Amino acid sequence: MNLYDVYPLNDIEITKASGSNVWDANGQQYLDLYGGHAVISIGHTHPHYVQRLTEQLNKVGFYSNSIKIPLQVQLAEKLGQVSGKVDYQLFLCNSGAEANENALKLASFYNGRKKIIAFKGAFHGRTSLAVAATDNPKIVAPVNETENVIFLPHNDEQALVDAFTKQGNEIAAVILEGIQGVGGIREASKSFLQKIRSLCDEYNAVYIADSVQCGYGRTGLFYSHDWAGVSADIYTMAKGMGNGFPIAGISIAPKFKPWHGQLGTTFGGNHLACAAALAVLEVIEKDNLMKNAEEVGAYLIEELKKFEQVKEVRGRGLMIGIELPAELSHVKKDLLFKHFIFTGEAKPNVIRLLPALNLTKEQADEFLKAFAELVK
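1. Details of the overall build of the chain
Within the chain one finds 11 helices and 17 strands. Relative to the compact-globule value of 21 Å for 376 residues, the chain shows a C-alpha radius of gyration of 20 Å, a close match. Seen along its three principal axes, the alpha-carbon backbone of the chain occupies a region of about 55 × 55 × 45 Å. In the chain, 74% of the contacts between residues at least 6 apart in sequence involve partners at least 24 apart. Accessible surface, the chain: about 17,300 Å² in total, of which carbon and sulfur atoms supply 52%. Within the chain, the 41 negative side-chain charges are centred at a point lying 2 Å from the centre of the 37 positive side-chain charges.

Below, the structure written as structure tokens:
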């Protein structure tokens, strides 16, 4: 049997990882500013993380959600404490797409409506309604096509007001990334987030903050949306939540009342996943990683803005987009194969930086030196 050919692959095999460095099968060391797509939040093979998972694996790795799992309660309490959403409720699942599916489903249960507002450039996942709310027709299969998703221009408050004025009583939810990832590191403005909140309140729609990539402390705040000073009804999270162990969740406002069978999962919130997620939150808290993400990210953004060859630098904290002109489209590839630095991308010419939240200033300087050589 062959693997289904899903991704274009770099001819690199990673055999060892520690902190913000990885090594390939030939022993070559790389600086990892990609984090496996914003997944590695506390660094590769963090000692506390490895210890937590090893100890749990030696006790029990899995049992179903038909029994009490105290680790789930501990995770909910710790997540509420670190995120500041102490009165919210936690549903655990396995991936970002699954988190968004359940958030959209819960919204529709809540107000009995079908219409979803999403935005140009959005990416919410590759399954069912999540992919229908993703602004990429190429990956929306015919079976996923629906007239229930309304795409509006990003950061366009008047378009949002007009949509609610016209169809407000049919709108179940508004779903929005605080900073679009695949869309090119584009941040929602403070007034736009506040407008979403006020319109959802006025029309009894549900505000869903997709925090899968832009959440979990990456921007210096736990959820990037919260810089607007208003709370969403549901926050979805995944990538950085388990530092590489598959886990996701939705944080649900108190106004939602659960009933048995409304949501469900086989693997969500299993013993190992909860141990991994608890380790991540413990390290984020103990090592003050949100503050580090804010400070090192601000330093990187400030330094990157000094390059006259760069068209625009976007983002917040350690979620940074560097838009380059077409003639510098080779820079990402050269960073990897000439300077041994992993970065991400967004089409057509945006380099995405999504490193671990404990990235050091020295490692940031290592990147800046290589970047300077390539764009001069």
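2. Focus on the pairing of strand β1 (residues 14–18)
With 4 bridges connecting them, β1 and strand β2 (residues 21–24) associate as antiparallel partners. When the sheet's bridge partners are listed, A17 is paired in β2 with V22. The hairpin turn running from β1 into β2, its antiparallel successor, is 2 residues long, and G19 in that turn takes a positive phi close to 60°.

3. Things to note about the pattern of salt bridges
If you walk through the whole model with that rule in mind, you get 16 salt bridges. Residue R316 is joined to E187 by a salt bridge in which the shortest nitrogen-to-oxygen separation is 2.6 Å. One end of the pair, R316, is in strand β13 (residues 312–316); the other, E187, is in strand β9 (residues 186–187), with 129 residues separating them in the sequence. Classification of R316 as partly exposed rests on a relative accessible area of 25%. Judged by relative accessible area, E187 falls into the partly exposed class, the value being 23%. Put simply, R314 and E312 hold a salt bridge, and the shortest N to O gap is 2.7 Å. Since its relative accessible area comes to 9%, R314 is described here as buried. Residues joined by salt bridges that share partners form a network here, namely R197, D201, D233 and K255.

4. Section: helix α4 (residues 96–111)
Taking 1.5 Å as the rise per residue, α4 with 16 residues should run 22 Å; its terminal C-alpha atoms sit 23 Å apart, in good agreement. The set of residues buried in α4 consists of G96, A97, A99, N100, E101, N102, A103, L104, L106, A107 and N111.

5. Quick word on the nonpolar core
Where a protein is soluble and globular, its nonpolar side chains tend to be buried together. In terms of nonpolar packing, the biggest core is built from 108 residues, with I117, F164, L304, I322, F367 and F371 touching the most fellow members. For this core, the element with the highest residue contribution is helix α8 (residues 271–286), accounting for 11 residues. Once residues within four sequence positions are removed from consideration, F371 is found in contact with L304, F307, V310, I322, L324, V331, L335 and I351.

6. As for unusual backbone geometry
In this structure, the amide linkage connecting K347 to the following residue, P348, adopts the cis form with an omega of 0°. Among the secondary structure elements, P348 is positioned in the loop between β16 (344–346) and β17 (350–353). The phi torsion at H37 lies on the positive side, around 75°, for a residue other than glycine. Within the secondary structure layout, H37 lies in helix α1 (residues 35–38). Of the residues examined, H37 reaches a relative accessible area of 19% and is grouped as buried.

7. Describing the sheet that holds strand β15 (residues 341–342)
Pairing in this open sheet of 4 strands is mixed, and the strands run β1-β2-β3-β15 from one edge to the other. Lying at the two open borders of the sheet, with one neighbouring strand each, are β1 and β15. Summarising the sheet, strand β3 (residues 29–32) and β15 pair through 2 bridges and their orientation is parallel. Following the sheet pairing, D32 is matched in β15 by F342.

8. Describing the confidence of the model for the chain
Considering every residue of the chain, the mean pLDDT works out to 98; 100% of them sit at 70 or more. Element-level mean pLDDT values for the chain span from 95 in β16 up to 99 in strand β10 (residues 206–210).

9. Thoughts on a nonpolar patch on the surface
A contiguous nonpolar patch, built from Y4, V6, Y7 and L9 and spanning about 590 Å² of accessible area, is present on the exposed surface. When you line up the elements, L9 lands in the segment before β1. Judged by its relative accessible area of 74%, L9 falls in the exposed class.

10. Notes on helix α11 (residues 361–375)
Each α-helix turn comprises 3.6 residues. Residues three or four places apart therefore point the same way. Given a rise of 1.5 Å per residue, 15 residues ought to cover 21 Å, and the 21 Å separating the end C-alpha atoms of α11 matches this to within 8%. Turning to α11, its buried residues are Q363, A364, F367, L368, A370, F371, L374 and V375. Seen from one end, α11 has its buried residues packed into an arc of 170°, which puts them on one side. Projecting away from the buried face of α11 at angles above 90 degrees are the exposed residues E362 and K369.

11. Considerations on the packing of helix α6 (residues 157–167) against helix α7 (residues 190–203)
The relative placement of two packed helices is expressed as an angle between their axes plus a distance between the axes. Contact pair α6 / α7: the axes reach a minimum separation of 10 Å and the direction vectors enclose 10°. As far as their axial angle goes, α7 and α6 are roughly parallel. In contact with E157, L160, V161, F164 and T165 of α6, α7 contributes S191, F192, K195, I196, L199, C200 and Y203. Within the contact of α6 with α7, the residues separate by chemical class into 8 nonpolar, 2 polar and 2 charged.

12. Some thoughts on the environment of G84
Position of G84 among the secondary structure elements: in the loop between α3 (70–83) and β4 (89–93). G84 gets classed as exposed once you look at its relative accessible area, which sits at 52%.

13. A closer look at the pairing of β13
Pairing analysis gives 5 bridges linking β13 to strand β14 (residues 319–323), with the strands arranged antiparallel. Each bridged residue has a counterpart across the sheet, and for E312 the counterpart in β14 is E323. The antiparallel hairpin formed by β13 and β14 contains 2 residues in its connecting segment, where G317 sits at a positive phi of about 60°.

Quick notes on the rules
Residues numbered from 1 in each chain as written. Predicted model: local features only at pLDDT ≥ 70, side-chain atom pairs only at ≥ 80, totals over all residues. Heavy atoms only, no water. Helix = DSSP H or I, 4+ residues; strand = E, 2+ residues; numbered from the N terminus. Rg over C-alpha atoms; globule rule 2.2 N^0.38 Å. Contact = heavy atoms within 4.5 Å. Areas by Shrake-Rupley, 256 points an atom, 1.4 Å probe, with all protein chains shown as cover. Lys, Arg positive; Asp, Glu negative; His and termini not counted. Charge placed at Lys NZ, Arg CZ, Asp CG, Glu CD. Pairing = 2+ DSSP bridges. Salt bridge = Lys/Arg side-chain N within 4 Å of Asp/Glu carboxyl O. Buried < 20%, exposed > 50% of the residue type's maximum accessible area, 1.4 Å probe, protein only. Expected span 1.5 Å × (residues − 1). Core = buried A, V, L, I, M, F, W, Y, C linked by side-chain atoms within 4.5 Å. pLDDT = per-residue confidence, 0-100. Patch = residues over 30% accessible without salt bridge, like charges linked within 9 Å, V, L, I, M, F, W, Y side chains within 5 Å. Arc of directions from axis to C-beta. Axes fitted to C-alpha atoms, helices over the stretch in contact; angles between N-to-C directions. Parallel < 35°, antiparallel > 145°, perpendicular 65-115°, else oblique. Nonpolar A, V, L, I, M, F, W, Y, C, P; charged D, E, K, R; others polar.

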